[in-house]
Amino acid sequence: MLQEARANRRKKLQQKFRQCMQGVIFRKVQKIQSIIVVVWILLLRDRRHVDQNVGVEIQVFVPFPRITKYFRLQENEIAKCLDKFILQRGPLSVGEMLNPFFLSHLTSRLWFQVIDDQLLTVNFDTSGVIEKGDLVHSCLVEFHAVKYVLSMYRSPSNTVIRLYNSEGPYNLRVEIPLNLLAAWISIYKEKSVRGEVGALKAWELYQMFKNYDADEEIEEGTQKCGTSEELLSQDSISLDLTEISGLIPWIMDRIDVHHDPVSKKGSIVLQFETDAKRFEQMAIVLQRVWRGKRARMMAKEEIFRQYEKCFDMTLRAFFYVNIHTSQKQWSKPRLLSENDDIDDPPDEWRAAEYFDQETKTSKNYYFNPRTGQSSWITEEDAARILQRKFRARITQDLIMSNLNFSQIVHAVKYTEEIERKYKQNPLKLSSRVNLALLYHCLKFDLPSAKSLYEDAISHSSCHPVISRAYGIFILATACETEMINNFKTACKLFDDAEVLDPGAIKFRSAIENFFYWSIIMHPNNPIALLNYALLHQCILGEYYRAEKIYRRALSVDSKNSNVSNNYNFFIDQLYPGGFYAGNGVPNVVIRRSQIKETRPAWGEWRLMFDPLCTNSYDSFWYNSIDFVSSFDEPNWKNVWATRVRRSSIVPTDPDSLWVEYFDPKLRSSFLYNRTTDEYAWKRSATTPTKCI
């Protein structure tokens, strides 16, 4: 029964406690003057949504000596206790005042009355904002034509400035921690020396002031907000400013009142706040200018990526094309200044699509944006056409004529009948000679051609066609050691053929049906080119064309020993003392030579020097107008006669001994003396210069 009674009593007490705790909106265990207490705040009436005052009850329980103290506050009394936050943030609603953060501030107003270490009573101070320091100054000041009562409090940790205006609804208050005041004084002392406060230092002061929390407990000897090494400690403040008489005027000169244009709320503004905001506005302006410039730069870069220029051949001008939308315009894209322009397009061919509105079909075409050219064929197809034309032109230059269709048909039929006739009558001399030429020039079966040539020459050693064809064959197949002997043998065959057939009239058929046709069929065969070069060298006597064909054969196969041996022997025979001497300097020598000497008296003639020459003929004469070359010095009398024939007479005095000529090739004038038969270049208006 006793246990049951105790359980019922405990249950009733717990129920009563829960009923009492239903209205608790705040609970905290804290120290007040080194005494541990438990504080409850209960809501007396739940009137959050009713236009009546809301009251709270503060219960303070002291474990030792187990006493509880009760304090009741109405809504207006709560607002009065939260005067500091109202000054900083503006009016608070009922819901905001019942926030645990603000309710915690109410507990800071509890204090104990203790005498001889004995607790007498617990008190709650409702006298508004409690300033911890002493009132050091009070006076009447005026800001923006509004009068205020200024009160300044100073404590060991901070300085508080309060402004009271009887006409305004609120009091203005600002709290300055002592380390911030020390840094402020130090930085503005530098202003008197440098003439301006640094933006970074002013911004640091503003951030310290902004982050300052007046409710944070400060241990003795520590500095609140003193985190920068550049900020000075309290000991660094000059003596004249730490004294009350110097500090008060200094601070009063550096405060102002600012009213928000929207809320009409006033606040005390310190000078470093004004400087920091001014610097902030300057930074904002600079950032705005930079962002604008950067945005324009990015827009230009985007324009450069989206647009390109194309050339119009009709108007001879560039237009602009949007590569994404294909929109065309003659004017520059916007945001591009006079000095800005899109780069010229690359010189390349691109594919595009053309849509025919009439036939409703699409067709690809190709255009060059740099030159404005367009074509229906690709660049590769155009290159193939050019290559085909170029090969045809090269072949035409080699054979020195344009083969018509009838000539081709005749050559094909002629070559087809050769083997058939040889099978019908292999003992006939013409059949064996034609078959030897076929193996030699078209099928390149040199062993078979050699046996046929030797058989034919044994039966008719004086036949002009056999002699010329066999002479070309032994030169084409000769090795380097046999070149001289074979050349002598071939020259004897050519001389005998020339006696019997002057001008190689009977050899024309072999030239057209075998040597020409071999170049047509095999333009890149070195043996065919070698036979053709030997034809021009030994039979036709066209040494310039022979050298050109030799170089063509070497470009096809530079390692062919037969071609290189014949070419080198041919070049050597063009020098003085050689078999072909007197026919000019080889073209390859002219190309690799350099000018050794020029004189005004020589006119178009140059003395050239061959740096790669292996004999004594390293110098020769070259005519830059007629492209004539010679190892011997020109006959100057004949040179002047040639100049007179191509020049025109300039009208002068008929009685003068000098006749003036103008040479259009040299673009200069020269004089001829009728009496002495001398020539002279005209150097001045009166004095001629004698020449050779």
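All values derive from a computational prediction rather than experimental measurement.

A. Quick peek at the overall build of the protein. Tallying secondary structure elements over the protein gives 22 helices and 27 strands in all. The 692 residues of the protein split such that 38% are buried. Put simply, the protein shows about 42,200 Å² of open surface, and 51% of that area lies on carbon and sulfur atoms.

B. Broad picture of the side chain of E660. Its place among the elements puts E660 in strand β24 (residues 658–663). The class for E660 is buried, based on a relative accessible area of 11%.

C. Broad picture of the nonpolar core. Counting 70 residues, the largest nonpolar core has F507, F514 and F515 as its most contacted members. Formed by 30 residues, the second largest nonpolar core is a distinct cluster that contains V141, I161, A183 and L270.

D. Structural view of the pattern of salt bridges. Scanning the model with the defined rule gives 24 salt bridges in all. The shortest N-O distance in the salt bridge between D344 and K309 comes to 2.8 Å. In this pair, D344 sits in the loop between β15 (328–329) and β16 (350–356) while K309 sits in strand β13 (residues 307–312), placing the two residues 35 residues apart along the sequence. By relative accessible area, which is 6% here, K309 ends up buried. The partner of E417 in a salt bridge is R420, with the nearest N and O atoms 3.9 Å apart. Here E417 and its partner R420 are both found in helix α12 (residues 405–424), three residues apart, which amounts to about one turn of the helix. Judged by its relative accessible area of 31%, E417 is partly exposed. Residue class for R420 comes out partly exposed when judged on its relative accessible area of 41%. In the salt-bridge network here, residues are joined through shared partners; they are E604, R643, R646 and D663.

E. Up close: the state of the cysteines. Evaluation of the coordinates by the stated rule reveals zero disulfides. Free cysteine C538: the closest other cysteine sulfur is in C491, separated by 6.6 Å. Judged by relative accessible area, which is 17%, C538 ranks as buried.

F. A look at the side chain of E308. Relative to the helices and strands, E308 resides in strand β13. Given the relative accessible area of 18%, E308 is considered buried. What E308 contacts, discounting residues up to four positions off in sequence, is F319, Y320, V321, I323, I342 and R350.

Parameters and conventions
Residues numbered from 1 in each chain as written. Predicted model: local features only at pLDDT ≥ 70, side-chain atom pairs only at ≥ 80, totals over all residues. Heavy atoms only, no water. Helix = DSSP H or I, 4+ residues; strand = E, 2+ residues; numbered from the N terminus. Buried < 20%, exposed > 50% of the residue type's maximum accessible area, 1.4 Å probe, protein only. Areas by Shrake-Rupley, 256 points an atom, 1.4 Å probe, with all protein chains shown as cover. Core = buried A, V, L, I, M, F, W, Y, C linked by side-chain atoms within 4.5 Å. Salt bridge = Lys/Arg side-chain N within 4 Å of Asp/Glu carboxyl O. Disulfide = S-S within 2.5 Å. Contact = heavy atoms within 4.5 Å.

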